[in-house]
Amino acid sequence: MGPHSYDAGVSPTGLVWATQVPDRSVRVDLNAGTASLHAENICVFDTFTVANSLTNSRPMGNFVKGIINSLRLEWSGVTRRVTGFADTMDKFRGDFVENSARIEVTVTTPLSTGHGFRFVSDHAATSVSHFAQIGEERNGTFF
């Protein structure tokens with residue numbers, strides 16, 4: 001089986017790779033430098049490559065339907081804080097916490113909509129994090 005790139009697609013407004021999850025799926029404590037995202041059964045597209053993901057318009061293109069069966073992503077361990085960052089040219093500002101992240105995920109492209117591929121990551125405890133960041137930002141008209 002070849003490569004896979006799972007994402008929620010491009011919205012009619014042009015928002016890329018984003019999907020709504022229940023509020024209870026996300027927890028953030030910037031003061032502690034921690035955050036978590038735990039979600040299940042998220043409908044996505046298996047676009048096979050990032051290039052397909054960015055260039056294909058739905059419902060045409062090279063993709064099949066997939067499911068993120070479970071996703072567990074956790075950030076912790078503050079290594080640096082950046083407060084009051086501002087980029088006036090791009091109208092972007094925020095407060096950020098650099099830390100580490102761990103991820104555990106199971107994703108399926110069901111046989112009924114594709115080719116029956118299933119990916120199961122190693123346990124989150126085996127994750128290697130080279131860079132992770134959480135934060136609060138303001139941009140555009142909110143700048």
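Here's a quick rundown of the structure.

## Comments concerning the packing of aromatic side chains
Now for step 1: Following the criterion strictly, the structure yields three aromatic pairs and no others.
Now for step 2: Ring centres of Phe85 and Phe92 lie 6.2 Å apart, and the angle between their planes is 70°; this geometry places the pair in the edge-to-face category.
Now for step 3: In this structure Phe85 comes out as partly exposed when scored by relative accessible area, which is 38%.
Now for step 4: Ring geometry for Phe85 and Phe96: centres 6.4 Å apart, planes at 70°, overall edge-to-face. Residue Phe85 is located in strand β4 (residues 64-87), and its partner Phe96 is located in strand β5 (residues 92-109); the two are separated by 11 residues in the primary sequence.
Now for step 5: Look at Phe96 and you get buried, because its relative accessible area is 12%.
Now for step 6: These aromatic residues form a ring-pair network of at least three members: Phe85, Phe92 and Phe96.

## Considerations on the nonpolar core
Now for step 1: In this structure, Ile68 and Trp75 are the most contacted members of the largest nonpolar core, which totals 15 residues.
Now for step 2: Element by element, the count of residues in this core is highest for strand β3 (residues 34-46), at five residues.

## Focus: the pairing of β3
Now for step 1: Relative to β3, strand β1 (residues 6-7) runs antiparallel, the two sharing two bridges. The partner of Asp7 across the bridge, within β3, is Phe45.
Now for step 2: Of the pairings in the sheet, the one linking strand β2 (residues 26-29) to β3 comprises four bridges and is antiparallel in character. When the bridges of β3 are listed, Asp29 appears paired with Thr34.
Now for step 3: In sequence, β2 turns back onto β3 through a hairpin of four residues, with Gly33 there showing a positive phi of about 75°.
Now for step 4: The sheet contact formed by β3 and β4 spans 11 bridges and is antiparallel. Its bridge partner lying in β4, Ser36 is registered against Glu74.

## Points about the pattern of salt bridges
Now for step 1: In total, this model carries two salt bridges according to the counting rule given.
Now for step 2: A salt bridge links Glu74 to Arg72, with the shortest nitrogen-to-oxygen separation between them at 3.4 Å.
Now for step 3: Between Arg80 and Glu98 there is a salt bridge whose closest N-O contact spans 2.8 Å. Of this pair, Arg80 sits in strand β4 while Glu98 sits in strand β5; the two residues are 18 residues apart in sequence, bridging distant segments of the chain.
Now for step 4: What makes Arg80 partly exposed here is its relative accessible area of 46%.

## Focus: the side chain of Asn99
Now for step 1: Looking at the element boundaries, Asn99 is found in strand β5.
Now for step 2: Relative accessible area serves as the criterion here: at 5%, Asn99 is assigned to the buried category.
Now for step 3: At 3.0 Å, the side chain of Asn99 and the backbone oxygen of Gly33 are in polar contact.
Now for step 4: Asn99 has contacts with Gly33, Trp75, Ser76, Gly77, Val78, Thr79, Ser129, Phe131, Ala132, Gln133 and Ile134, leaving out every residue within four places of it along the chain.

Cut-offs applied
- Residues numbered from 1 in each chain as written.
- Predicted model: local features only at pLDDT ≥ 70, side-chain atom pairs only at ≥ 80, totals over all residues.
- Heavy atoms only, no water.
- Phe/Tyr/Trp six-rings, centres within 6.5 Å; stacked < 30°, edge-to-face > 60°.
- Buried < 20%, exposed > 50% of the residue type's maximum accessible area, 1.4 Å probe, protein only.
- Helix = DSSP H or I, 4+ residues; strand = E, 2+ residues; numbered from the N terminus.
- Core = buried A, V, L, I, M, F, W, Y, C linked by side-chain atoms within 4.5 Å.
- Pairing = 2+ DSSP bridges.
- Salt bridge = Lys/Arg side-chain N within 4 Å of Asp/Glu carboxyl O.
- Polar contact = N/O pair within 3.5 Å; in protein donor to acceptor, adjacent residues only side chain to side chain.
- Contact = heavy atoms within 4.5 Å.

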